Amino acid sequence: MPYAIGYARFSSIKQGSGSSLERQQAMIAKWLGENPEYKVYPKTFEDLGRSASKGDHLKHGLGKLLQAIELKEIGDGDIILVEAIDRIGRLTATKMFSLINQILEAGVRIVTLQDNTMYGPVIKSDQIWQLLGKIEQAFTYSVDLGKRIKDSYTIREQNARKGLIPKRRTPIWLNTDGTLKEDIAVAMKTAFEDALSGLGERRILKRLKISHPTFEKCHPASVRKWLTNKAAIGFWREILTYPPIVSQELFYQVQKRFEDAYIPASAPTKHFLSGLVKCGNCGSSFQVKVNKSSPNSMHCSARAIHGIDRCENGTSFPVPVLLRICHDTATLAMETALQNIELSKAKKKSIIIDGKLNDIGKKLSNLITSLQQYGAIPEIDSQITLLISERKKLEDEKRYLVEDDVANTTNYEEAWDYQYELIEDDPMRLNALLQSVQYQIKCFANRSILANTTGNELSKSVYMNYCRKIQAYRLRANGNIYNIANREGTFSKERLSTFKEMLQAQREGTTAFKEIETSPADSEILEFLAAIDD
Ligand SMILES: [Zn+2]
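These numbers come from a predicted model, not from an experiment.

So what about the packing of helix α8 (residues 182-197) against helix α9 (residues 201-211)? Which residues, and what values?
Where α8 contacts α9, the axes come no closer than 10 Å and their chain directions differ by 155°. In terms of orientation, α8 and α9 fall into the roughly antiparallel class. For the pair α8 and α9, the sense of crossing is right-handed. Counting all contacts with α8, which are made through A187, A191, D194 and A195, the residues of α9 involved are I204, R207, L208 and S211. Residues of the contact of α8 with α9, tallied by class, amount to five nonpolar, one polar and two charged.

As structure tokens, this is what we get:
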């Protein structure tokens, strides 16, 4: 969790005895309360009664802060909160820019609370002029400016309450006027769903990049920020301001995933089967071996790395065979995975309440830390009282939630449909969903393959061999021989749809498969071929 470091300064005793310090502290504390994703830095930095025009503060409070940055106690991602840029100094423009640059170069950003502006990680060109103006005015000490900015801040907040869109840094899916960038909003919604399915941030970003060029230059750390930004459910400073892009229950379920530090069993990387196939002998994951002249195969990773001492299972299994087994046997696991995601109404409600309670908890703890640091501030006291009563209300609401039985509406057939939809459109999400319910295929040294779901044709099978005559892998299960075509490891769309139609027909019992009549002479030849192949 990044730190937020408050820095307050006043120069004359007159300012100190008046409202200056209190106002600065209250602003800092208020921001901390509203931004629970930041932790309050344990030390305070203040320059009380020190002028910033002579640079005294550089030897004291601000100087210590800069030292902490130099020592990397404060660093990348942390934020310094000041009332306005003039708190940092009233020095000449060149000195001020170098001072600010020193802070930003350490990856620390500066937020000026009066105008709610963030500087960093770099100063943008439009900010330079704005900043220069402020520095000049601070240098010439314009009291007027402070008042104007403060007014504009209040006006913005009032406008937000009236439903007018505040001008501020908006998240990636919003235009500056607060309207939706539709295509990006759609991509973000998928990102939320991906996070809920268990995909990691890197993977999510990769997929975002494919879906829209806007994400091209983004960093994986941004993914977490977007997915935890309440603007996704329309909120800015607790006021419904923007059009929401996801439902509250999806948003809070994702928050819960993050809270639980949910890590997908092994982040699916490049191959759909990664993480799903295990060694029956030692339990290690099977890894894909890329073969140049034949389809890829999988083998025990422990054996591949550490040799026969670690694992006796040296058998390789062709990917097309394992894919076929996975497609045949995963549906039951898919059903469970979907049921886990699908919640009863009461559960959804309860997740939203838990999410809100969690928000309140973080705000309270930040406010209380502020109280300890800055002493009694009436505004904070009243915020705490408000939060406590809000918490009580939510707790009551949760207590009286009537648990409606989880009416699982996902059935096997729906799971099957979704499974095949994902095979076609989104195999990595399928992989994550299957891993989330520990679906596994185990491969043993004696060539037997065991899926941990039961009841399917290929739940238990034995990989026999590759038959060159018919160019197919042969698999035995329940006394039947299955020939699996030796083509590329994935389904082509056409083949898949044919396969789907065939399975659908089988499921409905409308198949009209006829046994192929083989002449006795042909049978004899086939038997002979099979015999020499073994
Ligand atoms: Zn092994």
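Structure shown, so let's carry the discussion forward.
Which residues make up the sheet that holds strand β12 (residues 317-318), and what are the values?
Taken in spatial order, the three strands of this open sheet run β10-β11-β12, and their pairing is antiparallel. Bordering the open sheet on either side are β10 (286-289) and β12, each of which pairs with just one other strand. Note that β10 and strand β11 (residues 297-300) share four bridges and pair antiparallel. The residue bridging K289 from the neighbouring strand is S297, located in β11.

Please give an account of the sheet that holds strand β15 (residues 460-467) that cites residues and values.
Consider a sheet: its strands pair through backbone hydrogen bonds, and that pairing is either parallel or antiparallel. Strand order in this open sheet of six strands is β9-β13-β14-β15-β16-β17, and the pairing throughout is mixed. Sheet topology places β9 (277-279) and β17 (480-485) at the edges, where each strand pairs with a single neighbour. Neighbour-to-neighbour, the strand axes of this sheet turn through a mean angle of 30°, independent of strand direction. Two strands pair when backbone bridges link them, and strand β14 (residues 448-451) and β15 are joined in this way by three bridges, in the antiparallel orientation. Residue pairing across strands places I449 opposite S461, the latter belonging to β15.

Calculation criteria
One numbering rule holds for all chains: residues counted from 1, following each sequence as written. Thresholds applied to this predicted model are a pLDDT of at least 70 for local features of residues and 80 or more for the giving and counting of side-chain atom pairs; totals over whole chains, interfaces and linings are not thresholded and use all residues. Orientation is described by lines fitted to C-alpha atoms, with helices fitted over the stretch in contact, and by angles between N-to-C directions that extend from 0 to 180 degrees. Helix and strand labels come from DSSP, where a helix needs a run of H or I of at least four residues and a strand needs a run of E of at least two; each type is numbered from the N terminus. For this classification, under 35 degrees means roughly parallel, over 145 means roughly antiparallel, 65 to 115 means roughly perpendicular, and everything else is oblique. Handedness of a crossing follows from how the near helix is turned relative to the far one, being left-handed for an anticlockwise turn of less than a right angle and right-handed for a clockwise one. By the convention adopted here, residues make contact when the C-beta atoms placed from their backbones lie within 7 Å. Note on residue classes: Ala, Val, Leu, Ile, Met, Phe, Trp, Tyr, Cys and Pro are nonpolar, Asp, Glu, Lys and Arg are charged, and everything else, Gly too, is polar. In this description, strands pair whenever DSSP reports at least two bridges between them.

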